[in-house]
Amino acid sequence: MTTPIRLALIGCGGIATNKHVTGYGLIKEQQPDLFNLVAVCDAATERAEAVADRAVAWGQERPRVYGDFEQLLRDGGVDAADICLPHFLHRPVGIACLEAGVHVQIEKPVGVTIKATRQLIEASKRSGAILATAEQIRRMPGPRTAHWAIHEKGMLGTPQVFFVQRANNRKVDPNMPWAWRFDRFLSGGGPVLDSGAHFCDTMRYLWGDCDSVYGSVRRLSEGTFVKGDERVPDMREDTFTALLNFKSGVTGTWTVINRPVADTFNTVMYYGSEGALNDPGDPFHGPRLTATLKRLDGSEHKLGDLYQQYLAAMSTDERERVFPYGLTDGFALEVCDFLHSIRDRRPPEIDGEQGLQAKAIACAIYEAAAANQVVRVQDVIDGTYDAYQRPIDERWGTN
Ligand SMILES: NC(=O)c1ccc[n+]([C@@H]2O[C@H](COP(=O)([O-])OP(=O)(O)OC[C@H]3O[C@@H](n4cnc5c(N)ncnc54)[C@H](O)[C@@H]3O)[C@@H](O)[C@H]2O)c1
């Protein structure tokens, strides 16, 4: 019997209510005494109230409801906070929690800029409280199995080249509730950084650290949309292409069109010296179990079948580490890793530094485009290239 971790959820918008709360509910079914959701906070308090109602349905006491995270911290009684806020709020809210000794998980892409992320990491080091990056994709059966097939079974031979491409017929709905994303100062960037955070983390997971990138990042469609009488600017890129060079020797291209187009396609191909993995699906959230791995010896393997082999090859301990309680939902696994890292006093799989390394790939693409040259990811982390991020840092006083 452990003392339940006293958890706060800060930000009860789309991802928190659709995914994180559902993930916590799945864990509650398996181990009710691991945590209690003791506080929920959202500037729109009715969203926090709705989450509090869901927590009661798990059989625990109703969480306290807040519209102001500072009041939540002043009231205390919280060990950990899961932060699901717009990107520009990750740093101030995260640092306030860490300075109060509260362990923190922050939704990707950690800070709004590299400097904001580094300040979060420094606050975590100063306080000794955990900083975890919320990233679910690599934890899902598809990427876990791809990693096993590539690195344990050697089914691609030596990994060499990837092609990840998408042309998506994306039309903007002006009534979407998350319009903060349109403003680069609030979001830090568009799909390179936002959904791209998943891609960058998965590429690091599969190929190791990224050394250098070149990028072209553009907005080619109309830069404003009409909302009632307003013309709202959309500052996000809608078209980009990047060349990524990994220290392991893997190189790849990543190209996305995210605007109205006459035809669409998706390609995810990983090539090695002895095989190729083909997932004609989603370049941000894969590879999926429907992907196919073909080898030069003529054999063909569905990733879903390899997943069964992977499970069978795992020790009980390994299975409990990777898919605790038999969970396979990426969000449930992500929040579970955060809770277990607190319970077991160990780092989470994706801590602040790991989050920074993935985020830095996306930022390096912006900086390479701004500088019109190849940039090293480490030089972007060090701040040698910051032309893209500097105005955002100036806005938030993080430079
Ligand atoms: N892992 C994924 O697949 C995934 C998917 C979507 C979003 N996200 C991430 O989740 C985070 C949130 O995104 P979202 O789509 O849920 O956004 P959202 O706009 O739907 O939700 C944000 C919530 O924060 C609240 N809020 C804003 N300012 C606040 C303040 N000062 N204090 C308290 N509450 C405040 C808003 O009222 C809103 O409910 C982002 O980091 C985003 O990148 C991750």
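Going by the structure above, here's the rest.
Read on for a plain summary of the structure. Treat the numbers as computed from the prediction; the structure is a model and nothing was measured.

Turning our attention to the sheet that holds strand 8 (residues 210-218). With respect to topology, nine strands assemble into an open sheet ordered 16-15-14-13-7-12-11-8-17, the strand pairing being mixed. Edge strands, defined here as strands with exactly one partner in the open sheet, are strand 16 (300-302) and strand 17 (375-376). Two elements, strand 13 (residues 265-272) and strand 14 (residues 275-278), share three bridges in a ladder whose sense is antiparallel. The residue of strand 14 that forms the bridge with Y271 is A276. Helix-sheet contacts for helix 8 (residues 196-207) involve strand 7 (159-169), strand 11 (239-246), strand 12 (251-259) and strand 13, and the interaxial angle to strand 7 is about 165 degrees. The sheet contacts of helix 12 (residues 352-371) involve strand 8, strand 11, strand 12 and strand 17, and relative to strand 8 the element is tilted by about 55 degrees.

Take the packing of aromatic side chains next. Using the criterion set out here, one finds 15 aromatic pairs in the structure. Look at F199 and W254: their rings are 4.0 Å apart centre to centre, the planes differ by 15 degrees, and that puts the pair in the stacked class. Of the two residues, F199 is situated in helix 8 and W254 in strand 12; the sequence distance between them amounts to 55 residues. Like W254, F199 is buried.

Compared with an ideal rise of 1.5 Å per residue, which puts twelve residues at 16 Å, helix 8 spans 16 Å between its outermost C-alpha atoms and is within 8% of the ideal. Among the twelve residues of helix 8, twelve are classified as buried, and the element is accordingly described as predominantly covered. Listing the buried residues of helix 8 in full gives G196, A197, H198, F199, C200, D201, T202, M203, R204, Y205, L206 and W207. Lining the buried residues of helix 8 we find helix 6 (141-152), strand 7, strand 11, strand 12, strand 13 and helix 12. A positive backbone phi angle near 90 degrees is found at G208, which sits one or two residues after helix 8.

Taken in spatial order, the six strands make up an open sheet running 3-2-1-4-5-6, and their pairing is parallel. What marks the edges here is a single partner per strand, and that holds for strand 3 (64-66) and strand 6 (131-134). In this sheet, adjacent strand axes meet at a mean angle of 25 degrees when their direction is disregarded. Here strand 4 (residues 80-83) runs beside strand 5 (residues 103-107); their pairing, made up of four bridges, is parallel. Paired with I83 across the strands is I106, a residue of strand 5.

Conventions adopted
- Residues numbered from 1 in each chain as written.
- Predicted model: local features only at pLDDT ≥ 70, side-chain atom pairs only at ≥ 80, totals over all residues.
- Heavy atoms only, no water.
- Pairing = 2+ DSSP bridges.
- Helix = DSSP H or I, 4+ residues; strand = E, 2+ residues; numbered from the N terminus.
- Contact = heavy atoms within 4.5 Å.
- Axes fitted to C-alpha atoms, helices over the stretch in contact; angles between N-to-C directions.
- Phe/Tyr/Trp six-rings, centres within 6.5 Å; stacked < 30°, edge-to-face > 60°.
- Buried < 20%, exposed > 50% of the residue type's maximum accessible area, 1.4 Å probe, protein only.
- Expected span 1.5 Å × (residues − 1).

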